[in-house]
Amino acid sequence: MRFRGNKRFASAVGLVLGLLCAVEAAKVNKHKPWIETTYHGIVTENDDKVLLDPPLIALDKDAPLRYAESFEVTLTEEGEICGFRIHGQNVPFEAVVLDKSTGEGVIRAKDKLDCELQKEHTFTIQAYDCGEGPDGANMKKSHKATVHIQVNDINEYSPVFKEKSYKATVIEGKKYDSILKVEAVDADCSFQFSQICNYEIVTPDVPFTIDKDGFIKNTEKLSYGKERMYKLTVTAYDCGKNRASEDVLVKISVKPTCKPSWQGFSKRIEYEPGTGSLALFPSMHLETCDEPITSIRASIELETNHIGKGCDRDTYSEKSLHKLCGASSGTVELLPAPSSSANWTVGLPTDNGHDSDQVFEFNGTQAIKVPDGMVSTSLKEPFTISVWMRHGPGAHEKETILCNSDKTEMNRHHYSLYVHNCRLILLLRQDPSEAENYKPAEFHWKLDQVCDKEWHHYVLNVEFPTVSLFVDGTTFEPFLVTEDYPLHPSKIEAQLTIGACWQGGNARMAQFFRGNLAGLMIRSGKLENKKVIDCLYTCKEGLDVQLPEEVASAVKVEFNPNQSSLTVEGDDIDAFDKVMQHISYLNSRQFPTPGIRHLRISTTVKCFNEESCVTVPDAEGYVMVLQPEEPKISLSGIDHFARSAAEFESQEGVTLFPELRIVSTITREVEADAESEAAEGADDDPTVQETVVSEEIMHNLDTCEVTVVDMSQLQQRGLEMSSSNLGLVITGVNTMANYEQVLHLIRYKNWHTEALFDRKFKLVCSELNGRYISNDFKVEVNVIHTASPVEHANNAMVQPNFINPVHHASVDLSGHNLVNAHQASVVPSAATIVIVVCVSFLVFMIILGVFRIRAAHQRTMRDQENGKENEMDWDDSALTITVNPMETYEDQHSSEEEEEEEEESEDGEEEDDITSAESESSEDEEGGEPEDQQGASRQQQLEWDDSTLTY
C-alpha cells in the first residue's frame, strides 16, 4: 500500500518539473510580432478616431499558452506587444496599444483633420514586442504594413456663385431654350456636399424658370413695350441642402425685334440761314441684323417741290434772272408782276411772289391778251421761248400756253405753244412766200414731265427749220414733225394771248390752259445757250457730299442735275456709313425761303442668300429752314428844300435826291454778357435778359420807284391817282451803292412854274421782287418865284419834238458802268439858296400873294373856255425828270423800224421817251425825234417828262 502511494507522488513531481522546464525555455524571445500587410481606415474630419479594416492586432508566437480549468499560468513579458510605430513624414496620426497581451491597438488623429486640405493619408506601421527581461533586450519588430486612411467630409460650406451678377439680352417675341447659365460652387471636399443639387429663382411672378444645372429660360414671349429689363434674384443649394451664402442678381434686357433700318439720325434737322453746309446724318448707321450683305444702294431725296418753282431760287423778276445768268438783251417778259406799266396780268391769281417765285394760275376759264407791240408780229429770225410750267393729266383737248392768232375775221394760228395728251407741241406757220411748198409746221414732244404735276423749266430754241427743246436743262428731240403750207397773204393784225387762243372769226377765247405758268419769256434775234439755260434752272439749295479719302474708291456717288437727290452705291457697310455721315444740305441764298424740306432715304440691299435677304424700310425726316433775319431797307437824306423857279426851268433842272443814303440793317436778339448778367442779378430779375443788336448788311436791290405825290393839284381837278400811276421805275439787280449813285442823278424840270409853289415826290426801293420793301422817302421841293416872272410859251399846247407822253418809265441797272456816267454838278451852294430865299421872301411877299390870286383867276377862266381835252391838261405840263444812265445807249434803227415809226406817226401815236436799258427793239424808242436831236443827250441822259400827262 505504501508503494502505490509513493509512485503517485513521484509522477506529480515530474510533471511540475517538466512545466518548470518549459517555462524556463519560454523566456527566450525567438519570434517577431505579426500584423496584417494592409489596413484601410476611415476618419471623419473634426474627429480623431479612425475605423480600420481589419482591426489593428499584433500577434507574437513567443507568447505562453493559456491553460483553462485547473490553474492559470502567469505570462511573462516575452511575447507581449509593447507598441506600434508609424513611418512617414508629417503623418497626422498615431497608433496606440490598447492591450499588450493581446496585441490590440488603435490609430487616431493627432490634430483636427480638414478634408478640404487632404482627403486621404497613406503611411506604414510596425508592431514591436517587449523583448527579454525587464530591460526589454532582444526586442523584435514586425514587418511594415501599409495603412490607407480616408478623411470623411462634413457639410461645413455653403454654395457660392462664380459671378457677382449676370447679364443677358434677348429679343422680344421669341422663346429661348436657354438665355444664360448661372453657376455656383461648394468648397466641401466630398462629392455629396460639394455638388450643387438645385437652383431657385427667388423673385416672384417673373416669366422665367431655372433648371438644376443653372440654365435660365423664358416661359413666355417677352415684349419690349411691356418690360425692357427684368431683374431676378437666384439662389443655389448643395446636396446637403445648404443654401448659398449670398444670392445673385441676374439682369435680362429685352430688345425690340431686330429690324434692318437706318439708325442714329434726327428726323428734324434745323438749318440756320447763312451758315453754309450742314451735315444731315452725322451719326447715322445701317443696322443689318448681322445678315451678310453683298451690296447696298441708297437714294437720298430732298423734296422741295412745294418751294417756289420746285426749289429755292432767287425771286427776282424773270427778266432780271435772265440777265444775271448772262443772257443778252432782247428778252420780253410776257407774265410780269402786275403793275401800272404791265397791267395785263392783274386779273390772274398769283401767290404774291414774296417768299417764293411769282406764279400764275390758269383754271381753264382764264386767259390774257398781251398788249400790241410787246412782241414783234413776225418771228422769222431765230428766237427763244422759255417758260416754267406745272401741269397734270387733263382732258383730251388742246390747252394753249401761248398763241399768236388773227385778231379779226379768221381763226388762223400764226404760232402757238400748247399741251395735248401729255405732249408739248409748237406750231409755227411760215409767212407767205413765193414757193408754196410744204414746210415744217408742228413739232411734237411726248414727255412725262408735261403731266406729272411738278414744276419744270422748258426752253425752245427755234432756228427754222430746227427746234431744240430743253426740259430742266436736258435736251429732247421731237418725236414727230408735221408739215403744212405757209399762211396765205393777209392784212389782218395778230393777237398774242396767254392761257388760251383767240379766235378772231368768233371773237372769243378757246383751248384754255389748266395749270400754273411763270416766267414766260420770248427772246428775238438770238438763241439761248446751254450755260444760260442751266443757270436759269439751277437751284440755290440742294444736297452735297465731301467724300473722305479713305472711302472715295469704295463708294460711288451720283447726283441729279439740280442736286435734289443723290445715290450712293457700295459693298462695304463701314465705308457706306461714313459717306452717309458726310452728306449735307446747302442753301446759298442770302435770304432763303423758310419752311420744311422733306428728306427720304430709299435703300436696296443684296445678300448672299437672296431668299432670306433683309429689307430696309425707307427712312424719312425733314430739314427745317429757319426764318432769316429780315433786312430793313432805310432811305434817308434831305426831305425838304427850296429852289428858285429859274432852276426848275433850266436845262439841268433840280436834283431831287442829292444826299440820298440807302442802308439795310438786320436786328438780332443776343444774350447779355457776364457783366450785364451780374448787374441784372443785383436787381433780382430772374428772367433771362436779351439785348437787341442792329447790324448793317450789304445786299442787292432790284427796283426803285419815284412817284409824284402832289395830290392837291389832282383834287382841284376832281381826279384820283393810284400808287405808281405816275413816275419813274428803275429796275435791275445791282448793289445799293449803284442805286444810290443813279438816284443822285435824277433831276426834275418844269417849264411852267407860274402857279407852281411846291412839288412832292416819293421814293421806294425793294429787293427780291418786292419781298423786302424800304420806307417811303418823301421829298418836298418849294418853288421860289422872282418879282418879274418870265413869260413862257405854253408847252402844254405846243411841245418840242423830243418830249413824249409818259405814264410810267423803267430804267434797268443791270450791267451799267458808273465810270462813264454824266457827272454834272447840279446842286446849288447853300449860300445861294439862303440869299435867294431871303430876298424873295422879304421883297416880293406881297407880289407873290397878288400873283397867286391872279394866276388862280386866270386858270379858272382858261379852264372854262377850253374844251374837254384841255381840261385834262395839268399845269406842270413840262414836268420832266432826267436820269444819267449807267451805260451807253446805241441807236439800232433798221429800215423796217423806221417804216413802223412813220405809220405810227401818221396815226398820231407817239412812243415812250423813257425805255429800259435792255429794251429789245426800236418800238420802245422815240418815234418823232429827228436824228440830229438824238445824239449825245440820249447816250448820257434819261429824262422823265410828264409834259402831256392826262388823268
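Predicted model only: the values in this text are computed from it and were never measured.

*Asks:* Any chance you could break down the overall build of the protein chain for me, citing the residues and the numbers?
*Replies:* Regarding its fold elements, the protein chain presents 14 helices and 58 strands. In the protein chain, which comprises 951 residues, the proportion classed as buried is 43%. If you sum the accessible surface of the protein chain, you get close to 49500 Å²; carbon and sulfur atoms cover 49% of it.

*Asks:* Now, about a negative patch on the surface: what can you tell me, with residues and values included?
*Replies:* Side chains of Glu 272, Glu 629, Glu 630 and Glu 669 sit close together on the surface and give a patch of like negative charge. When its relative accessible area of 34% is taken as the criterion, Glu 629 is described as partly exposed.

*Asks:* Can you break down the state of the cysteines residue by residue, with the values?
*Replies:* If you walk through the whole model with that rule in mind, you get ten disulfides. Two residues, Cys 197 and Cys 239, share a disulfide whose sulfurs are 1.7 Å apart. On the S-S bond that ties Cys 197 to Cys 239, the torsion sits near 80 degrees, and the link is right-handed. Here Cys 197 is found in strand E13 (residues 196–201), whereas its partner Cys 239 is found in the loop between strand E16 (229–238) and strand E17 (248–255), with 42 residues between them in sequence. Residue Cys 239 is classed as partly exposed on the basis of its relative accessible area, which comes to 27%. Residue pairing for Cys 403: its cysteine sulfur links by disulfide to Cys 501, the two sulfurs lying 1.8 Å apart. In this pair, Cys 403 is assigned in strand E27 (residues 399–406) and Cys 501 in strand E36 (residues 501–503), connecting sequence segments 98 residues apart.

*Asks:* Go over the pairing of strand E10 (residues 165–171), please, and point to the residues and values.
*Replies:* The alternating pattern of E10 places Tyr 166, Ala 168 and Val 170 on a buried face and Ser 165, Lys 167, Thr 169 and Ile 171 on a face that is not buried. In this sheet, E17 lies alongside E10 in parallel orientation, the contact comprising seven bridges. Residue pairing in the sheet places Ile 171 in a bridge with Lys 255 of E17.

*Asks:* Mind laying out the nonpolar core, listing which residues take part and the relevant values?
*Replies:* Formed by 42 residues in total, the largest nonpolar core has its most connected members in Phe 657, Leu 660, Ile 662, Leu 701, Leu 743, Ile 746 and Leu 763. A domain split of this core shows at least three residues from each of domain 4 (318–537) and domain 5 (631–669 + 692–784).

*Asks:* Lay out unusual backbone geometry in plain terms, naming residues and giving numbers.
*Replies:* Here Asp 53 and Pro 54 are connected by a cis peptide whose omega angle stands at -5 degrees. Tracing the chain through its elements places Pro 54 in the loop between strand E2 (51–53) and strand E3 (56–57). In this structure, Pro 465 follows Phe 464 across a cis peptide bond, with omega equal to 10 degrees. Tracing the backbone shows Pro 465 in the loop between strand E31 (455–463) and strand E32 (466–471). A positive phi angle is found at Asp 205, which is not glycine, with a value near 55 degrees.

*Asks:* Lay out the environment of Thr 331 in plain terms, naming residues and giving numbers.
*Replies:* Within the fold, Thr 331 resides in strand E23 (residues 331–333). The class for Thr 331 is buried, based on a relative accessible area of 5%. Sequence spacing of Thr 331 and Ile 385 is 54 residues, and the spatial spacing of their C-alpha atoms is 9.6 Å.

*Asks:* Give me the lowdown on the pattern of salt bridges, citing residues and values where you can.
*Replies:* The final tally for this structure, using the stated rule, is 23 salt bridges. For Lys 540, the salt bridge identified is with Asp 314, shortest N-O distance 3.8 Å. Of the two residues, Lys 540 is situated in the loop between helix H4 (530–537) and strand E39 (541–545) and Asp 314 in the loop between strand E22 (293–303) and helix H3 (318–324); the sequence distance between them amounts to 226 residues. A relative accessible area of 34% means that Lys 540 is categorised as partly exposed. Across the pair Asp 484 and Arg 429 runs a salt bridge, and its minimum N-O distance is 3.7 Å. With a gap of 55 residues between them, Asp 484 in strand E34 (residues 480–484) and Arg 429 in the loop between strand E29 (423–428) and strand E30 (439–446) connect regions that are remote in the sequence. Assessed through its relative accessible area of 30%, Asp 484 is described here as partly exposed. Through salt bridges with shared partners, a single ionic network connects Asp 312, Asp 314, Lys 540, Glu 541, Arg 589 and Arg 597.

*Asks:* Account for the sheet that holds strand E19 (residues 268–271), with residues named and values stated.
*Replies:* Pairing is mixed across the open sheet formed by six strands, whose spatial order is E19-E44-E43-E22-E41-E40. The open sheet has two free edges, formed respectively by E19 and strand E40 (555–559), since each of these has just one partner strand. Looking at each pair of strands side by side, their axes are set apart by 20 degrees on average, direction ignored. Where E19 lies against strand E44 (residues 619–625), four bridges are found, and the strand directions are parallel.

*Asks:* Please provide a residue-by-residue account of the sheet that holds strand E6 (residues 104–109), values included.
*Replies:* Hydrogen bonds between backbone groups are what pair the strands of a sheet, and the pairing can be parallel or antiparallel. In space, the three strands of this open sheet follow the order E3-E6-E5, with antiparallel pairing throughout. Only two strands of the sheet have a single partner each, and these edge strands are E3 and strand E5 (93–99). Bridge analysis of E3 against E6 gives two bridges, and the strand direction is antiparallel. For Ile 57, the partnering residue across the bridge sits in E6 and is Glu 104.

*Asks:* Please give an account of the environment of Asn 769 that cites residues and values.
*Replies:* Along the chain, Asn 769 turns up in the loop between strand E53 (758–767) and strand E54 (772–773). Taking the relative accessible area as the measure of exposure, Asn 769 reaches 24% and is therefore partly exposed. Separated by 451 residues in sequence, Asn 769 and Glu 318 place their C-alpha atoms 9.7 Å apart.

*Asks:* Talk me through the packing of aromatic side chains; I want residue IDs and the actual numbers.
*Replies:* Within the structure shown, the criterion is met by twelve aromatic pairs. Between Phe 161 and Tyr 199, the ring centres sit 6.2 Å apart and the planes meet at 45 degrees, which makes this aromatic pair tilted. Of this pair, Phe 161 sits in strand E9 (residues 160–161) while Tyr 199 sits in strand E13, and the two are 38 residues apart along the sequence. There is no split in this pair, since Phe 161 and Tyr 199 are both buried. Between Trp 262 and Phe 576, the ring centres sit 6.1 Å apart and the planes meet at 25 degrees, which makes this aromatic pair stacked. Of the two residues, Trp 262 sits in strand E18 (residues 261–263) while Phe 576 sits in helix H5 (residues 573–581), which places them 314 residues apart along the sequence. Assessed through its relative accessible area of 0%, Phe 576 is described here as buried. The structure contains a cluster of three or more aromatic residues connected by ring pairs, namely Phe 648, Tyr 748 and Phe 761.

*Asks:* Any details on empty space enclosed by the protein? Residues and values, ideally.
*Replies:* With the rule as written, the count across this model stands at three cavities of 30 Å³ or more. Forming the boundary of the largest cavity are 16 residues, of which Tyr 316, Ser 317, Glu 318, Glu 333 and Gln 358 lie nearest the centre. If you list the elements that add at least two residues to the lining of the largest cavity, you get H3 and strand E38 (514–524).

Rules used throughout
- Residues numbered from 1 in each chain as written.
- Predicted model: local features only at pLDDT ≥ 70, side-chain atom pairs only at ≥ 80, totals over all residues.
- Heavy atoms only, no water.
- Helix = DSSP H or I, 4+ residues; strand = E, 2+ residues; numbered from the N terminus.
- Buried < 20%, exposed > 50% of the residue type's maximum accessible area, 1.4 Å probe, protein only.
- Areas by Shrake-Rupley, 256 points an atom, 1.4 Å probe, with all protein chains shown as cover.
- Patch = residues over 30% accessible without salt bridge, like charges linked within 9 Å, V, L, I, M, F, W, Y side chains within 5 Å.
- Salt bridge = Lys/Arg side-chain N within 4 Å of Asp/Glu carboxyl O.
- Lys, Arg positive; Asp, Glu negative; His and termini not counted.
- Charge placed at Lys NZ, Arg CZ, Asp CG, Glu CD.
- Disulfide = S-S within 2.5 Å.
- Pairing = 2+ DSSP bridges.
- Core = buried A, V, L, I, M, F, W, Y, C linked by side-chain atoms within 4.5 Å.
- Domains from an automatic or database assignment.
- Axes fitted to C-alpha atoms, helices over the stretch in contact; angles between N-to-C directions.
- Phe/Tyr/Trp six-rings, centres within 6.5 Å; stacked < 30°, edge-to-face > 60°.
- 1 Å grid on protein atoms, 1.4 Å probe; cavity = no way out; pocket = protein on both sides within 12 Å on 5 of 7 lines; lining within 4 Å.
- Points joined across faces, edges and corners; volume = space filled by probe spheres on them.

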